[in-house]
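Okay, here's what each chain looks like letter by letter:
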Amino acid sequence: MNFEFSEEQNMLRDQARSFLADKCSLRNVREILDGDAPFDAEAWRGMIELGWTGTAIPEEYGGIGMGYLELCVIAEELGRSLAPTPFSSSVYLFAEAILTAGSEEQKKQYLPGIATGATIGTLAVFEGPHAPSPKNIKAKAANGLLSGEKMPVPDGDVADFAVVAANSDAGLSLYIVDLSDDSVTAQSIKTLDPTRSHAKINLSETPGELLGNEGDGWNILGQVFNAAAVLFAFEQVGGAQAALDMGKEYAMTRFAFGRPIATFQAIKHKLVDMYVATELARSNCYYGAWALDTHSTELPIAAATCRISATDAYHESSKENIQIHGGMGFTWEFDCHLFYRRSKLLSVNLGGEPRWKDMLISRLEQASA
Amino acid sequence: MDFNDTPAEAEFRAEVRTWLKANVPHRDKAAESEAELIRRAKSWQAKKADAGWACLHWQKEYGGRSASPIESVIWQQEESKYDVPAGIFAIGQGMCGPTMATYATEEQKQRYLPPMARGDEIWCQLFSEPAAGSDLAGLRTKAEKDGDDWIINGQKIWTSGAHYSDYGILVTRSDPTVPKHQGLTFFFVDMKSPGIEIKPIKQISGASNFNEVYFTDVRIPDAHRLGEVGDGWRVSITTLMNERLAVGSAGGPDFADIFRLAQNIEINDQPAIKDRAVRDRLATWYCETNGLKFTKFRTQSALSRGETPGPEASIAKIVSAKKLQDIGSFGMDLMELGGIMMDENVMLEDGMFQGAFLGAPGLRIAGGTDEILRNIIAERVLGLPQDIRADKGVSFNEIPTSR
């Protein structure tokens, strides 16, 4: 029994942290926030050079085949730094979908590009401000051609390929779509978190290549979301920790009533609640990482558990960080809102918390039956 | 990262399982008097000790097994699957034992630790006073030197199990003229000493697990002092660091119990678990329960590397005491008006939810209140500065008091 990352994995963490501190500081994040670029191209190039995009992709498909524990370590650091890159869309969503349901040919065709960073992939499921379901997804597929509107699609404006959820006669199915096809239009869309690009994608009789069995789309999505939930939970914990560190730092240096506000119990207890939530989430994430890495049958339960607690921790930590900063925390100029925005994005990007809680209890009911 | 046993751990676990299966006594009666419980607990503890299964991580020569931290965890995991009594030794073995092991002489360790491990002698902790709870260092029980003895006068309170304990660890004020943390001296005391009077306290649950303990001219030999004169605060910290580990895991209904209740009780003619509001609460508790479980595993991993348990362990008590209170309350919500019934012929689940509702308020206070534990985490883990203290540097006898 050993519930720690290994020495090598911690070395990878140190390397990732120092790279991101150098190439992807909050100043870089703010450039994406205030500018027109969809992502930080220099940071993205650096990540590719370090081989991060191929971390968990097997060597036979062009990756470096390290494993999911290493990918979790990187995810936590990406979350801490708020890295404005298409990493998660390409690696946690697109690559996971191909690895989960792709044929041997599809894996050989699409994964090397993701691993080397030559291509960017994403996953297009949502269709507006409501929870998607196999019944309400309006995108249609017939004779290998897809039509419909997907939004918001993470990194949809910069991705080369997308796995698209659409209904065919057999039910919800997944298709790999080349977004450079003339029949596709992709427009950037304004969102709550401008440090991560999202788009509206229109498909009109667009060729799509079936991924997995026809009619099996919802089931495959569930599996992809389980893996992605663990990886995003590490990003959430990284962000929660960064917001906690930021609030703590401010409380130590801000004076009121003749002393640092960190001496007041009202502030101390707030910081402790942020810390406790983050530690519980971190521990659940370790469980998730283990389940993901070992392909455990417990993954569906572990994934929901770490996602729910990481969502709670990031929400708690990012909103209370603003509170500790007082009025300045509410300004565009201070960085607090960057974490608050990212926290909300990550709490809904794989479906909202009510749905994950419901899924968790359903999975526990099945396990206890 | 590996949540599975190594081959050596699996072998150890199998050995534990085999022994427990062959030796856990059959029990057919749920209710029993305190005297019966103590008898049953002592008999089980002795049986374990004789086979080398008591206080596993203690050294063999002091009644333990010299086991590794991870072996202790495996034992606890396996033993907790059985309905065997453990609580009455928790304070002694969890807090008094480590304090004795750190500060007692070799001879004293040989004399007192093995019977503590075997359950032949029960220990209690005499710390809190009516005017010194969260502000423990403000305690007033007086210790005055008289030849080779000390004479103790004063009152302790909230002493769990004082009435059935053989020994206790005691912190006293030996010098009121210096600032409060500097004038304390620590002892262990024979609870049968003349001048000790024990009165039970009736709690809101109706039970009496705690006592008031009065000291009137009680003599303690200087040889039973632990640590230097005036160094009692440092000794107390050793005890308190272990307290949070000992108190950390509370009994009572947990996620599995409220999950089962929600499956078995109905709302609107369907199982309560089908109700979205119920599912939301259950999911929150499941995540907290597992977060604590895996945090404990992380702490144990740190222990395996030879690190001492840090104040991070305080997390467990902060989270689990509140959770226990909420689960107790919610369990009764599911039973609606029938949830108030505490008649053992009609109450569900042996009254565990009502018991939690009435017991949890105490758990949120005992062993460091939620608020004190937050201060400890804030200062020792997060490194935040101390609150400004009005009594800092002031001689104890000049500090303003309530009366």
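Along each chain, the written sequence defines residue order, and numbers are assigned to residues from 1. The order in which chains are written sets their letters, starting at A; the order in which ligands are written sets their numbers, starting at 1. Thresholds applied to this predicted model are a pLDDT of at least 70 for local features of residues and 80 or more for the giving and counting of side-chain atom pairs; totals over whole chains, interfaces and linings are not thresholded and use all residues. Hydrogens and waters are ignored; side-chain quantities use all the structure's heavy atoms.

With that settled, consider the overall build of chain B. Per the convention used, a helix needs a DSSP run of H or I reaching at least four residues, while a strand needs a run of E reaching at least two, with both numbered from the N terminus. On a plain count of helices and strands, chain B comes out with eleven helices and ten strands. A radius of gyration in this sense is built from C-alpha atoms; the matching globule rule multiplies 2.2 Å by the number of residues raised to 0.38. Taking 403 residues into account, the globule formula puts the C-alpha radius of gyration at 22 Å, and chain B, at 22 Å, falls close to it. For chain B, the spread of C-alpha atoms along the principal axes amounts to about 75 × 50 × 45 Å. Each residue's exposure class comes from its accessible area (1.4 Å probe, protein chains only) as a fraction of the maximum for that residue type: buried when under 20%, exposed when over 50%, partly exposed otherwise. Each of the 403 residues in chain B was classed as buried or not, and the buried ones make up 47%. Expressed as a percentage of contacts within chain B between residues at least 6 apart in sequence, the contacts between residues at least 24 apart total 71%. Per-residue and other accessible areas follow the Shrake-Rupley method at a 1.4 Å probe size, with only the shown protein chains counted as cover for residues. For chain B, the exposed area adds up to about 19,100 Å²; of that, 51% sits on carbon and sulfur atoms. Contacts are assigned to residue pairs with any non-hydrogen atoms lying within 4.5 Å of each other.

In this assembly, 52 residues from chain B lie in contact with 41 residues from chain A. By buried area we mean how much accessible surface two parts lose on assembly, using a 1.4 Å probe and totalling the loss over both. Between chain B and chain A, roughly 4,500 Å² of surface is buried when both sides are summed, and carbon and sulfur atoms account for 64% of that area. The term salt bridge refers to a side-chain nitrogen of Lys or Arg lying within 4 Å of a carboxyl oxygen of Asp or Glu. Put simply, chain B and chain A have nine salt bridges between them. A salt bridge links Arg279 of chain B to Glu365 of chain A, with the shortest nitrogen-to-oxygen separation between them at 3.0 Å. N or O atoms closer than or at 3.5 Å make up a polar contact, with two conditions inside protein: a donor-capable atom paired with an acceptor-capable one, and, for residues adjacent in sequence, both atoms drawn from side chains. Connecting chain B to chain A are 20 residue pairs in polar contact (both at pLDDT 80 or more). When residues of the side of chain B that touches chain A are traced back to their parent elements, those giving at least two are helix H1 (7–23), helix H3 (69–79), helix H7 (255–264), helix H8 (276–304), helix H9 (314–335) and helix H11 (370–381) of chain B. Top contributing element to the side of chain B that touches chain A by residue count: H8 of chain B, with 18 residues. Under this grouping Gly is polar, as are all residues other than the nonpolar Ala, Val, Leu, Ile, Met, Phe, Trp, Tyr, Cys and Pro and the charged Asp, Glu, Lys and Arg. For the side of chain B that touches chain A, a count of residues per class yields 24 nonpolar, twelve polar and 16 charged.

Right, let's talk about the layout of surface pockets for a bit. Residues and elements named next belong to chain A. Using protein atoms alone on a 1 Å grid, points that fit a 1.4 Å probe yet trap it form a cavity, whereas open point sets bounded by protein on both sides within 12 Å along at least five of seven lines form a pocket; residues with an atom within 4 Å of a point count as lining. Grid points are joined across faces, edges and corners, and a volume is the space filled by probe spheres set on the points. Empty space within the second largest pocket amounts to approximately 700 Å³. In terms of lining, the second largest pocket is formed by 39 residues, of which the most central are Pro152, His198, Leu345, Val348 and Asn349. Of all elements in the fold, only helix H5 (87–101), strand S1 (121–124), strand S3 (145–154), helix H7 (217–253) and helix H10 (336–348) reach the threshold of two or more residues within the lining of the second largest pocket. Residues of the lining of the second largest pocket, tallied by class, amount to 22 nonpolar, ten polar and seven charged.

Our next topic: the domain arrangement of chain A. Residues and elements named next belong to chain A. What fixes the domain bounds is an automatic or database domain assignment. When its domains are assigned, chain A resolves into domain 1 (7–93), domain 2 (121–214) and domain 3 (218–368). For domain 1 versus domain 3, the distance between C-alpha centres works out to 19 Å. Residue-level contacts link 20 residues of domain 1 with 28 residues of domain 3. Interface of domain 1 and domain 3: buried area, both sides summed, is about 2,100 Å²; carbon and sulfur atoms make up 68% of it.

All names here are of chain A. When two cysteine sulfur atoms are found within 2.5 Å, that pair is recorded as a disulfide. For the structure on display, the rule yields zero disulfides over all chains. Here Cys285 is not cross-linked by a disulfide; its sulfur's nearest cysteine counterpart is in Cys306, at 4.7 Å. What makes Cys285 buried here is its relative accessible area of 1%.

Let us now look at the domain arrangement of chain B. Looking at chain B, the domain boundaries give domain 1 (7–85), domain 2 (124–232) and domain 3 (249–381). The C-alpha-based centres of domain 2 of chain B and domain 3 of chain B are spaced at 32 Å.

Enumeration over the complete set of coordinates arrives at 52 salt bridges over all chains. The partner of Arg342 of chain A in a salt bridge is Asp193 of chain A, with the nearest N and O atoms 2.8 Å apart. Placement of the pair is Arg342 of chain A in helix H10 and Asp193 of chain A in the loop between strand S6 (184–188) and strand S7 (198–211), with a sequence separation of 149 residues. Arg342 of chain A gets classed as buried once you look at its relative accessible area, which sits at 3%. Relative accessible area serves as the criterion here: at 2%, Asp193 of chain A is assigned to the buried category. Taken together, the shared-partner salt bridges in this structure form one network comprising Arg13, Arg17, Glu76, Glu77, Arg80, Asp245, Glu279 and Arg282 of chain A together with Arg298 of chain B.

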